[in-house]
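The chain contents come next:
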Amino acid sequence: PTAPVFSPALSDEEGPRLAAELFREAFDAEPDGVWYAPGRVNVIGEHTDYNGGLALPIALPHRAFLALRRREDRTIRLVSPQTRDAVDVLDLDAIGPKGTPGEVRHWNAYVAGVAWALEQDGLGPLPGFDAALYSCVPLGGGLSSSAALECATAVALDEVAGLGLAGTPTEPDDAGRAHLVTACVRAENEVAGAPTGGMDQSASMRCAAGHALELDCRDGSTTQVPFDLAEAGLALLVIDTKAKHSLVDGQYGARRASCERSAELLGVGLLADVPASALPEALDRLAASGDADAEVLVRRTRHVVTEIDRTRRLVDLLQDGSPLAGAKLAEVGTLMNGSHDSLRDDYECTCPELDVAVDTARALGAHGARMTGGGFGGSAIALVDAGRVDEVARGIVAAYAEHGFNEPAFLDATPSAPAGRVA
Ligand code: ADP
Ligand code: MG
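Model, not experiment: these values are computed from the prediction. (Residues numbered from 1 in each chain as written. Chains lettered and ligands numbered in written order. Predicted model: local features only at pLDDT ≥ 70, side-chain atom pairs only at ≥ 80, totals over all residues. Heavy atoms only, no water.)

Topic: the overall build of the protein chain
Step number 1: Summing up its helical and strand segments, the protein chain has 11 helices and 13 strands in all.
Step number 2: Relative to its length of 423 residues, the protein chain is compact, with a C-alpha radius of gyration of 21 Å against a globular reference of 22 Å.
Step number 3: The principal-axis extent of the C-alpha atoms belonging to the protein chain is close to 60 × 50 × 45 Å.
Step number 4: Within the span of the protein chain, comprising 423 residues, buried residues form 55% of the whole.
Step number 5: For the protein chain, the computed accessible surface area is about 16500 Å², with 50% contributed by carbon and sulfur atoms.
Step number 6: Treating the 35 positive side-chain charges of the protein chain as one cloud and the 62 negative ones as another, the clouds have centres 1 Å apart. (Helix = DSSP H or I, 4+ residues; strand = E, 2+ residues; numbered from the N terminus. Rg over C-alpha atoms; globule rule 2.2 N^0.38 Å. Buried < 20%, exposed > 50% of the residue type's maximum accessible area, 1.4 Å probe, protein only. Areas by Shrake-Rupley, 256 points an atom, 1.4 Å probe, with all protein chains shown as cover. Lys, Arg positive; Asp, Glu negative; His and termini not counted. Charge placed at Lys NZ, Arg CZ, Asp CG, Glu CD.)

Written out as structure tokens, the structure reads:
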């Protein structure tokens, strides 16, 4: 079998250079600066965000770089390596949500949408701008290339429009960043038309290097949780399945609808209001509710409530101050495995590619492995000894070949820094 292909992260020098070069080529001018924002992987806490639960993402070393220059009018001009021959031109006064005459095409929605959302939020009027995007976050791999775009735009506009919300990379203003996150979420929901829950943008904007971010999606509060993998001799291997599944459109919305229906039947605002101790009784009530989908609602609810509990327990383990080794490491792995199994069996949002990646990683000695992100394709993660990354990746390549799957790609997920400006 062929050797595993790792997607490298652009360095602090390379990323800004490529974005600035593209800017000069397209606009024949110098950008005011280059800003960046990372993709993310979620360690645990999946499909909990829209239920008001906990998630635990890290920022990837893989980032979107945006070279940007403020304009004195209300025009937006955008270019990326995919569109370098044709610069897209938009008018800040004409853009609007999806389904309206101001609808914005393809990736422009994630950039122009942030400007629109900031103005909707009363932070305008903003200046127009020219921007060149260069990103190494794999697109559509469940690693939030979309949030990386939005957050890079948000920190750039924050600075050129003088909003003063983001702070600096060394002294980030967390409350201000939480504010920018809401604009990014609104851009994704309303302008791009993707009903995602907010974890991605919070991770890209509010993570810290060497840490995972405990995110309470009920109120947006966060805690930095020590997660220094290199120090522990560990690595978090990301497997981008490259799986393309049809018929998954609408599945995300269907899961959200099931959760809302369950909460309604249980008389709670959000499923996060059901503590793990009250789960058996809640499941009995759902089973006896007479709802046509009662059996499905039971399983969806069981996933959400147990997943929030697993996330809380994993955070407690990481915060106890002892090295990530021995019985503690085994327990972290067990919680990650439990998450995947629950997503596979109760939430039914895995797919054969995700299950094979996870099963293979476990068989090759991963401490824990699970799908990450929304599921139905996208990526899986495996917590492995640093010295065994290549062996696990090779095993997965071989297993994929055996199953006739697309060849997967791999990333090394070092917990990295949040969105900011290139020095
Ligand atoms: P994910 O966020 O998991 O990568 P999404 O479907 O949410 O997947 O976002 C992918 C979309 O983001 C793409 O379809 C594209 O519109 C936009 N996008 C992300 N990165 C880039 C890029 N480097 N160039 C152009 N568009 C991009
Ligand atoms: Mg996305």
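So, next bit.
Digging into the sheet that holds strand S2 (residues 54-55)
Step number 1: One open sheet holds the 3 strands; their spatial order is S2-S7-S8, and the pairing between them is antiparallel. Taken across any chain shown, the strands that pair with only one partner, and hence form the sheet edges, are S2 and strand S8 (221-226).
Step number 2: In this structure, strand S7 (residues 211-216) lies alongside S8, joined through 6 bridges in antiparallel fashion. When the sheet's bridge partners are listed, Asp 216 is paired in S8 with Ser 221. (Pairing = 2+ DSSP bridges.)

Quick notes on the site of ligand 1
Step number 1: Contacts to ligand 1 come from 16 residues, most closely from Trp 107, Gly 140, Gly 142, Ser 145 and Ser 146.
Step number 2: Between ligand 1 and Gln 82 there is a distance of 3.4 Å, counted from a nitrogen atom to a side-chain nitrogen or oxygen.
Step number 3: Contact between ligand 1 and Gly 140: an oxygen atom at 2.8 Å from a main-chain N or O atom of the residue.
Step number 4: When ligand 1 sits alone it has 560 Å² of accessible area, and the protein chains cover 76% of it.
Step number 5: Of all the secondary structure elements, the ones that give two or more residues to the shell around ligand 1 are strand S6 (129-135) and helix H3 (145-160).
Step number 6: Top element by residues in the shell around ligand 1 is H3. It accounts for 3 residues.
Step number 7: Within the shell around ligand 1, the residues separate by chemical class into 7 nonpolar, 8 polar and 1 charged. (Near = heavy atom within 4 Å. Polar contact = N/O pair within 3.5 Å; in protein donor to acceptor, adjacent residues only side chain to side chain. Nonpolar A, V, L, I, M, F, W, Y, C, P; charged D, E, K, R; others polar.)

Looking at the sheet that holds strand S3 (residues 57-70)
Step number 1: The mixed open sheet is built from 6 strands, whose spatial order is S5-S4-S6-S3-S1-S13. Edge positions in the sheet fall to strand S5 (88-91) and strand S13 (420-421), since each has one partner strand and no second.
Step number 2: Where strand S4 (residues 75-79) and S6 come together, 4 bridges link them in parallel fashion. In the strand pairing of S6, Arg 77 is matched with Asp 130.

A short note on the environment of Leu 165
Step number 1: The topology assignment puts Leu 165 in the loop between H3 and helix H4 (174-191).
Step number 2: Take Leu 165: its relative accessible area is 14%, and that puts it in the buried class.

Some points on the environment of Pro 61
Step number 1: By the element assignment, Pro 61 lies in strand S3.
Step number 2: By relative accessible area, which is 18% here, Pro 61 ends up buried.
Step number 3: It is 19 Å that separates the C-alpha atoms of Pro 61 and Ile 44, two residues lying 17 residues apart in sequence.
Step number 4: The residues touching Pro 61, leaving out its near neighbours within four places in the chain, are Ala 9, Asp 412, Ala 413, Thr 414 and Ser 416. (Contact = heavy atoms within 4.5 Å.)

Some words on the side chain of Asp 200
Step number 1: Positionally, Asp 200 belongs in helix H5 (residues 199-206).
Step number 2: The exposure class of Asp 200 is buried, given its relative accessible area of 11%.
Step number 3: Side chain to side chain, Asp 200 and Arg 40 meet in a polar contact 2.8 Å long.

Let's talk about helix H9 (residues 326-345)
Step number 1: Over its 20 residues, H9 extends 29 Å from the first C-alpha to the last, a length consistent with the 28 Å expected when each residue adds 1.5 Å.
Step number 2: Within H9, the full set of buried residues consists of Lys 328, Leu 329, Val 332, Gly 333, Leu 335, Met 336, Asn 337, Ser 339, His 340, Ser 342 and Leu 343.
Step number 3: In this fold, the buried residues of H9 make contact with strand S9 (234-240), helix H8 (294-318), helix H10 (352-363), strand S10 (368-372) and strand S11 (379-385). (Expected span 1.5 Å × (residues − 1).)

Description of helix H1 (residues 14-27)
Step number 1: Relative to the 20 Å expected for 14 residues at 1.5 Å per residue, H1 spans 20 Å between its end C-alpha atoms, a close match to the ideal helical length.
Step number 2: When we look at burial in H1, the residues that qualify are Gly 15, Pro 16, Leu 18, Ala 19, Ala 20, Leu 22, Phe 23 and Phe 27.
Step number 3: Each element contacted by the buried residues of H1 is listed here: strand S1 (33-42), S3, S4 and S6.
Step number 4: Following H1 by one or two positions, Asp 28 has its phi on the positive side, about 55 degrees.

As for the packing of aromatic side chains
Step number 1: Scanning all chains against the criterion turns up 5 aromatic pairs.
Step number 2: Seen from their ring centres, Phe 6 and Phe 410 are 5.6 Å apart, and the 35 degrees between their planes marks the pair as tilted. Of this pair, Phe 6 sits in the segment before H1 while Phe 410 sits in strand S12 (residues 409-412); the two residues are 404 residues apart in sequence, bridging distant segments of the chain.
Step number 3: Accessibility expressed as a relative area gives 0% for Phe 410, which makes it buried.
Step number 4: Ring geometry for Tyr 50 versus Tyr 252: centroids 5.6 Å apart, planes at 70 degrees, classification edge-to-face. Here Tyr 50 is found in the loop between S1 and S2, whereas its partner Tyr 252 is found in helix H6 (residues 251-266), with 202 residues between them in sequence.
Step number 5: Overall, Tyr 50 belongs to the buried group, its relative accessible area being 11%.
Step number 6: Take Tyr 252: its relative accessible area is 21%, and that puts it in the partly exposed class.
Step number 7: For the cation-ring pair, Arg 300 lies above Tyr 347, with the distance from its terminal atom to the ring centre recorded as 6.0 Å. (Phe/Tyr/Trp six-rings, centres within 6.5 Å; stacked < 30°, edge-to-face > 60°. Lys NZ or Arg CZ within 6 Å of the ring centre and 35° of its normal.)

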